[in-house]
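Structural characterization, general
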Amino acid sequence: MAGTTSRSPIRVLVIGGGIGGLCVAQGLRRAGVDVQVYERDESADGRRQGYRLRISPEGEAALRACLPPRLTELLTATANARDDSGLAAYDEHLRAQWAPAFEDPRAGRDDKIDAVDRVTLRRILLAGLDEVVHFGKNFERLERTPDGRVTARFADGSEAVGDVLIAADGTHSRVRAQLRPWDAPQDLGIRTIFSRIPRREAIEAGLPEALRDRFSYVIGTDGHHLGLMPMLFRERPSRAAARLWPDAGLQDADDYYMSVFNVHLADLGLTDEGFFAMSGEELCALVVERTRAWHPDLREIFRFADPATSFAVALRATRPVEAWDTCPVVPLGDAVHAMPPSGGVGANTAARDAAALSGLLAAVDRGERELAEAVGDYQKAMVEYATEGVEMSLRIAEWSIKRARD
């Protein structure tokens, strides 16, 4: 019966406005729960988003559970227009290689959401949250209050008090660093360069027909690897937003390929200090130089990569995934289960976290569940499916960074 628990209604603080943090905020807001999000970026455009993101069946179900119907419709309208189930692999001379097969029960469904543009997704996740999301809030530390609540303190001197604090602040989580300093994700020794290549220019440069409309992966015998993933919008984002949510602020983008260039540290030949100091222009030039001996139809397309939005990352993973004994502080997303971006598993797992946690916290808010019990149930399930997600992403990463047959 509503109103029977020791803490209801509740106020939820979310540290981090990435996919997981915004998704849980949408789910809580939809359920009528008081939620506030604190994001260190100065604006919605303040972070390097990456580009195309694969959405699994589980991730799609989670997004649909958290978003209001009109935003779900907007996400569907702007999703990838082509079937995302195929994967083809080649060596650097375009000789076919073995590739894992992925079965998708949504094949043939007109309204499936199997890949999205990350910038568009973030804008959609921000829609309707103007009074909820606070930008320019750089989290410094948290404190427990005598009555069992939690205070978040920020670098600008401000603070926020809530009944629950969700740590959704990513792989380098400051919340985790304070509470669990030993629990840092493992560096996998792989460095990645993300770039965006306009589809029209790539095709005009000679991108082979077989690589144009499917996820293609090049496994070089030289230790360098490249993934090309097409993003073809079903409908231009601005037109879809005009129909469904005019204030979403969606910006149009031409169809493109997300380029993911992977290399082992041993093959990179650069220190991390030097590598991560490189500009977008230097990173794109590095990819062009490292692929100079590849098939002409491959190496030419890299010259069209956008330097302004190219960036480098180090791949990391959390092993093992563990529950946090820190209630009312609750982990979500990469803060608790970091994993390489292989297959988009991390973002989908964060969306699953958001759907599960928002549902349970809504029950606490209604007085139907005790907070500690609800958080415990969430973490028990999360550890199980997140562990599977980490292992899956690592298996895909292991395949994708092997050397091709000579």
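Starting from 1, residues in each chain are numbered consecutively following that chain's sequence as written. With the structure being a predicted model, the display of local features is reserved for residues of pLDDT at least 70 and the display and counting of side-chain atom pairs for 80 or more, all residues being used for whole-chain, interface and lining totals. Water and hydrogen atoms were dropped before computing side-chain values, which therefore reflect all heavy atoms in the structure.

**Focus on the overall build of the protein**
- Only DSSP runs of H or I reaching four residues or more are called helices, and only runs of E reaching two or more are called strands; each is numbered from the N terminus. Helix and strand counts for the protein come out as 14 helices and 17 strands.
- We take the radius of gyration over the C-alpha atoms and set the globule estimate at 2.2 Å times the residue count to the 0.38 power. In summary, the protein has a C-alpha radius of gyration of 21 Å against a globular reference of 22 Å for 406 residues, a match within 12%.
- Reported as C-alpha extents along the three principal axes, the dimensions of the protein are approximately 70 × 45 × 40 Å.
- Note on classification: 1.4 Å probe, protein chains only; a residue is buried when its accessible area is under 20% of the maximum for its type, exposed when over 50%, partly exposed between these limits. Residues counted as buried form 55% of the 406 residues belonging to the protein.
- A total accessible area of about 17,100 Å² is found for the protein, and carbon and sulfur atoms account for 49% of it.
- With 51 positive and 62 negative side-chain charges, the protein shows a spacing of 1 Å between the two charge centroids. Surface accessibility follows the Shrake-Rupley procedure with a 1.4 Å probe radius. Residue values consider only the protein chains on display as shielding. His is not counted, nor are the chain ends; Lys and Arg add positive charge and Asp and Glu add negative charge. Charged groups are reduced to one reference atom each: NZ for lysine, CZ for arginine, CG for aspartic acid, CD for glutamic acid.

**Topic: the UniProt feature "domain: FAD-binding" (unreviewed entry) in the protein**
- UniProt positions are given in the numbering used here, feature names are shortened, and annotations may be inferred rather than shown by experiment. As annotated by UniProt and renumbered to match this structure, "domain: FAD-binding" (unreviewed entry) occupies residues 317–370.
- For residues 317–370, helix accounts for 46% and strand for 7%, while the C-alpha atoms at its two ends are 32 Å apart.

**Some words on the nonpolar core**
- What makes a nonpolar core is a set of buried Ala, Val, Leu, Ile, Met, Phe, Trp, Tyr and Cys residues whose side-chain atoms join them at distances within 4.5 Å. By size, the foremost hydrophobic cluster in this structure holds 82 residues, and its most contacted members are Val12, Leu74, Leu165, Ile166, Val175 and Leu361.
- Per-element accounting of this core gives the leading share, 10 residues, to helix α14 (residues 371–400).
- Residue contacts for leucine 165: discarding those within four places in its chain leaves Leu13, Ile15, Leu142, Val150, Ala152, Val175, Pro328, Val329 and Val330.
- Formed by 26 residues, the second largest nonpolar core is a distinct cluster that contains Tyr90, Leu228, Val287 and Leu298. Two residues qualify as a contact provided that any one of their heavy atoms is within 4.5 Å of a heavy atom in the partner residue.

**Topic: the packing of aromatic side chains**
- Working definition: a ring pair exists when centres of Phe, Tyr or Trp rings (six-membered ring for Trp) sit within 6.5 Å. Plane angles under 30 degrees give stacked, over 60 give edge-to-face, the rest tilted. What the rule picks out here adds up to 8 aromatic pairs.
- An angle of 45 degrees between the planes, with centres 5.4 Å apart, marks the rings of tyrosine 217 and tryptophan 399 as tilted. Of this pair, tyrosine 217 sits in strand β13 (residues 215–219) while tryptophan 399 sits in helix α14, placing them 182 residues apart in sequence. Comparing tyrosine 217 with tryptophan 399 shows no difference in burial state: the two are buried.
- Grouping aromatic residues by their ring pairs yields a cluster made of Tyr38, Phe139 and Phe154.
- The rule for a charge over a ring is simple: NZ of Lys or CZ of Arg within 6 Å of the ring centre, and within 35 degrees of the ring normal. Of note, arginine 196 hangs over the ring of tyrosine 256, and the distance from its end group to the ring centre comes to 3.7 Å.

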